[in-house]
Amino acid sequence: EYDGGDHIIVVGRVLDLGSGSGILGIAAIRLGAACALCVDVNPDAVAAARRNGAANRVEDRLRPRPGGPAALGGESFAPGGANAGGGPLPAPAAR
C-alpha cells in the first residue's frame, strides 16, 4: 500500500519467487509484511536467504524454500510487484 506520503507499507504475506539472497522478502518484512516466502531453484540462494534472514533478525518470518513455482504447494498470495532487471514492467493483467 502507498500511504499518499513518503511511505510504502507492505501488508499480508509476500512471495519472493527467484529470491536469490532474499533481500526483497527481508525488505517486505521490514516494511510491515507478516511473512515472506522466498523460493529459489538454487540451493546456495536458499542458504543465503536463510543466513540473511538471521543476520537481519527476521528469520522467524522469512521462509526460504528450495524449488520453483511448484514449491508453493497451492499457497496463494496477493498481487505484488517485481524486480525484473531494471526495465519497465508490464501493466498488471485485468481481473
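Residues numbered from 1 in each chain as written. Predicted model: local features only at pLDDT ≥ 70, side-chain atom pairs only at ≥ 80, totals over all residues. Heavy atoms only, no water.

Student: Would you mind going over helix H2 (residues 43-55) with me for this structure?
Tutor: Given 3.6 residues per turn, any residue in an α-helix points the same way as the ones three and four places further on. Across its 13 residues, H2 extends 18 Å between first and last C-alpha, which sits within 8% of the 18 Å expected from 1.5 Å per residue. Buried within H2 we find Ala 45, Val 46, Ala 48, Ala 49 and Gly 53. Mapping the buried residues of H2 onto a view down its axis gives an arc of 160°, with all of them on the same face. Projecting away from the buried face of H2 at angles above 90 degrees are the exposed residues Pro 43, Asp 44, Arg 51 and Ala 55. Following H2 by one or two positions, Arg 57 adopts a phi angle in the positive range, close to 55°. (Helix = DSSP H or I, 4+ residues; strand = E, 2+ residues; numbered from the N terminus. Expected span 1.5 Å × (residues − 1). Buried < 20%, exposed > 50% of the residue type's maximum accessible area, 1.4 Å probe, protein only. Arc of directions from axis to C-beta.)

Student: Could you clarify how one ought to interpret the confidence of the model for the protein chain in this entry?
Tutor: As a general rule, the predicted coordinates of low-pLDDT regions are not to be interpreted in detail. For the protein chain, the mean per-residue pLDDT works out to 81, and 69% of the residues sit at or above 70. By mean pLDDT, the top-scoring element of the protein chain is H2 (97), and the lowest-scoring one is strand S1 (residues 13-17) (89). (pLDDT = per-residue confidence, 0-100.)

Student: Would you explain unusual backbone geometry in this entry?
Tutor: In most cases, non-glycine residues show a negative phi, while peptide bonds are predominantly trans. Here the phi dihedral of Arg 57 falls at roughly 55°; this positive angle occurs in a residue that is not glycine. When you line up the elements, Arg 57 lands in the loop between H2 and strand S3 (62-66). Accessibility expressed as a relative area gives 73% for Arg 57, which makes it exposed.

Student: Teacher, can you tell me more about the sheet that holds strand S2 (residues 35-40) here?
Tutor: Think of a sheet as strands paired side by side through backbone hydrogen bonds, with each pair either parallel or antiparallel. Sheet architecture is open: three strands sit in the order S1-S2-S3, paired in parallel fashion. The sheet is open, and its two edges are formed by S1 and S3, each paired on a single side. This sheet shows a mean twist of 20° between the axes of neighbouring strands, independent of strand direction. Bridging between S1 and S2 involves five bridges; their strand directions are parallel. (Pairing = 2+ DSSP bridges. Axes fitted to C-alpha atoms, helices over the stretch in contact; angles between N-to-C directions.)

Student: What am I meant to see in helix H1 (residues 23-30) here?
Tutor: Those residues of H1 not exposed but buried are Gly 25, Ile 26, Ala 28 and Ile 29. Seen along its axis, H1 keeps its buried residues to an arc of 160°; they face one direction. Facing away from the buried side of H1 by over 90 degrees, the exposed positions are Ile 23 and Arg 30. In this fold, the buried residues of H1 make contact with S1, S2, H2 and S3. A positive backbone phi angle near 120° is found at Gly 32, which sits one or two residues after H1. (Contact = heavy atoms within 4.5 Å.)

Student: What should I look at first to understand the side chain of Asp 40 in this one?
Tutor: Counting through the fold element by element, Asp 40 comes out in strand S2. As a buried residue without a salt bridge, Asp 40 has its nearest oppositely charged side chain in Arg 50, at a separation of 12 Å. Separated by 3.3 Å, the side chain of Asp 40 and the backbone nitrogen of Ser 19 make a polar contact. What Asp 40 contacts, discounting residues up to four positions off in sequence, is Gly 18, Ser 19, Gly 20, Ala 45, Val 46, Arg 65, Pro 66 and Gly 67. (Lys, Arg positive; Asp, Glu negative; His and termini not counted. Salt bridge = Lys/Arg side-chain N within 4 Å of Asp/Glu carboxyl O. Polar contact = N/O pair within 3.5 Å; in protein donor to acceptor, adjacent residues only side chain to side chain.)

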